[in-house]
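The residues making up each chain are set out below.
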Amino acid sequence: MVLMPKTGHQINPMLPQFQIDTTFDLSTYLAERKALVEKALDSSISVVYPEKIYEAMRYSLLAGGKRLRPILCLATCELAGGNIEMAMPTACALEMIHTMSLIHDDLPAMDNDDYRRGKLTNHKVYGEDIAILAGDGLLSYAFEFVATQTKDVLPQQVLQVIARLGKAVGAAGLVGGQVVDLASEGLSQVSEKTLHFIHTHKTGALLEACVVCGALLASASQTNVQKLSRYAQNIGLAFQIVDDILDITATTEELGKTAGKDLDAQKATYPAIWGLEKSRCQAQILVQNAKAELEIFGEKALPLIALADFIISRSN
Ligand code: GRG
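Residues numbered from 1 in each chain as written. Predicted model: local features only at pLDDT ≥ 70, side-chain atom pairs only at ≥ 80, totals over all residues. Heavy atoms only, no water.

### Some points on the packing of aromatic side chains
Under the definition given, this model contains 4 aromatic pairs. Relative to Tyr 29, the ring of Phe 24 has its centre 5.2 Å away and its plane inclined at 55°; by these criteria the two rings are tilted. Arranged with centres 5.6 Å apart and planes meeting at 70°, the rings of Tyr 59 and Tyr 126 form a pair that is edge-to-face. Here Tyr 59, found in helix α2 (residues 51-61), pairs with Tyr 126, found in helix α5 (residues 122-126); they are 67 residues apart in sequence, far enough to count as distant. When sorted by exposure, Tyr 59 lands in the same class as Tyr 126, which is buried. A cation over an aromatic ring shows up here: Arg 314 above the ring of Phe 239, its NZ or CZ 3.8 Å from the ring centre. (Phe/Tyr/Trp six-rings, centres within 6.5 Å; stacked < 30°, edge-to-face > 60°. Helix = DSSP H or I, 4+ residues; strand = E, 2+ residues; numbered from the N terminus. Buried < 20%, exposed > 50% of the residue type's maximum accessible area, 1.4 Å probe, protein only. Lys NZ or Arg CZ within 6 Å of the ring centre and 35° of its normal.)

What follows is the structure, encoded as structure tokens:
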């Protein structure tokens, strides 16, 4: 179940709340997975003529970040019976898409930010023209990378992954969410329904694609894909609520980007509508509901359970 803010604020009583006593070491897991992803991303793009564009693409792609999206993809593929090698090209593609969306989001025509991941934004270093093209280059390469680099996966599964990625990026996903976000800026009143649309599309769609693509690569059953998809929808919304909270409560140093931007730009956010306490509570409920979707997978779901907890406990 994905909690709709309007009717939400309750843990779904139909879903048993999944309690699992575990000593799962999330920090070690995250550090190991992040290292694998960094290595794969580093070797995914080399600098050739015309060097400037490849350097600009690499500048943002290798600028750090939590690498949550690729890690979610790898973890889901493993949960569904696949392995890291099968999922790594898609995991890298997801990070390329995420990075391109950050480059474009930071442009003066969009959120106009000078810092991202603790470094100057792409357009501040390379200029707006190259930043736009670096985003375009990363986006198209993401699809090429999945199609050419995926090994030991059935072609029909790769095709489904490519279609799922396209859906998550386009007007039915990130682009649509961003359009409504821009249109809502500065408005004195934005409804919860509109805010829900913005967050589920701008942020949730790609996080859901990470999980669903991981499952598709491992040829998971339709029922399992649906369960994992609901897990992802819940953590996706929780992730953006926490992002809105951190924009108010964390410092620029902690975030690696300018803090307090939502307030300055009069952005529609959950804390603006609900206040901080209710927003925290709602994120917690979403994570509980996400974890409940994983009950059927038993111990295999430990990484995804821990990642759901990480989403609300993170500090950047
Ligand atoms: C995708 C074609 C295409 C265009 C882009 C600009 C745009 C359309 C969409 C905006 C998408 C966006 C920037 C959403 C915000 C998502 C978000 C919460 C980002 C922060 O993610 P983290 O915290 O960042 O995972 P790190 O740096 O850790 O990877």
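### Here's the deal with the nonpolar core
Core analysis: the biggest nonpolar cluster contains 94 residues, and Leu 72, Tyr 231, Leu 304 and Leu 307 have the highest contact counts within it. Setting aside anything within four residues of it in sequence, one finds Leu 72 in contact with Leu 207, Cys 210, Val 211, Tyr 231, Ile 235, Leu 304 and Leu 307. (Core = buried A, V, L, I, M, F, W, Y, C linked by side-chain atoms within 4.5 Å. Contact = heavy atoms within 4.5 Å.)

### Quick notes on the site of the ligand
Looking at the ligand, there are 20 residues lining it, with Lys 66, Arg 69, His 98, Arg 117 and Gln 178 nearest. Contacts to the ligand include Lys 66, whose side-chain N or O atom sits 2.6 Å from an oxygen atom. At 2.8 Å, a side-chain N or O of His 98 approaches an oxygen atom of the ligand. When isolated, the ligand has an accessible area of 750 Å², and the protein chains bury 91% of it. Tallying contributions element by element places helix α4 (residues 84-105) first for the shell around the ligand, with 5 residues. (Near = heavy atom within 4 Å. Polar contact = N/O pair within 3.5 Å; in protein donor to acceptor, adjacent residues only side chain to side chain. Areas by Shrake-Rupley, 256 points an atom, 1.4 Å probe, with all protein chains shown as cover.)

### Overview of the pattern of salt bridges
Applying the stated criterion across every chain, the model contains 20 salt bridges. The partner of Arg 314 in a salt bridge is Asp 243, with the nearest N and O atoms 3.4 Å apart. Here the residue Arg 314 occupies a position in the segment after α15 (302-313), and Asp 243 occupies one in helix α10 (residues 222-249), the gap between them amounting to 71 residues. Taking relative accessible area as the criterion, Asp 243 reaches 22% and is therefore assigned partly exposed. Salt bridges sharing common partners tie together Lys 34, Glu 38, Arg 67, Glu 95 and Arg 117. (Salt bridge = Lys/Arg side-chain N within 4 Å of Asp/Glu carboxyl O.)

### Some points on helix α1 (residues 26-44)
In a regular helix each residue adds 1.5 Å, so 19 residues correspond to 27 Å; α1 covers 26 Å between its end C-alpha atoms and thus fits that length. Contact partners of the buried residues in α1: α2, α3 (68-79), α4, α6 (128-149) and α15. For α1, the capping residue at the N-terminal end is Asp 25, with a side-chain oxygen 3.4 Å from the backbone nitrogen of Ser 27. (Expected span 1.5 Å × (residues − 1).)

### Section: the side chain of Thr 99
Among the secondary structure elements, Thr 99 is positioned in helix α4. Polar contacts involving the side chain of Thr 99 include one to the main-chain carbonyl oxygen of Glu 95, which spans 2.7 Å. Setting aside residues up to four positions removed in sequence, Thr 99 forms contacts with Ser 60, Leu 61, Arg 117 and Leu 138.

Nothing here speaks to function; it is all geometry.
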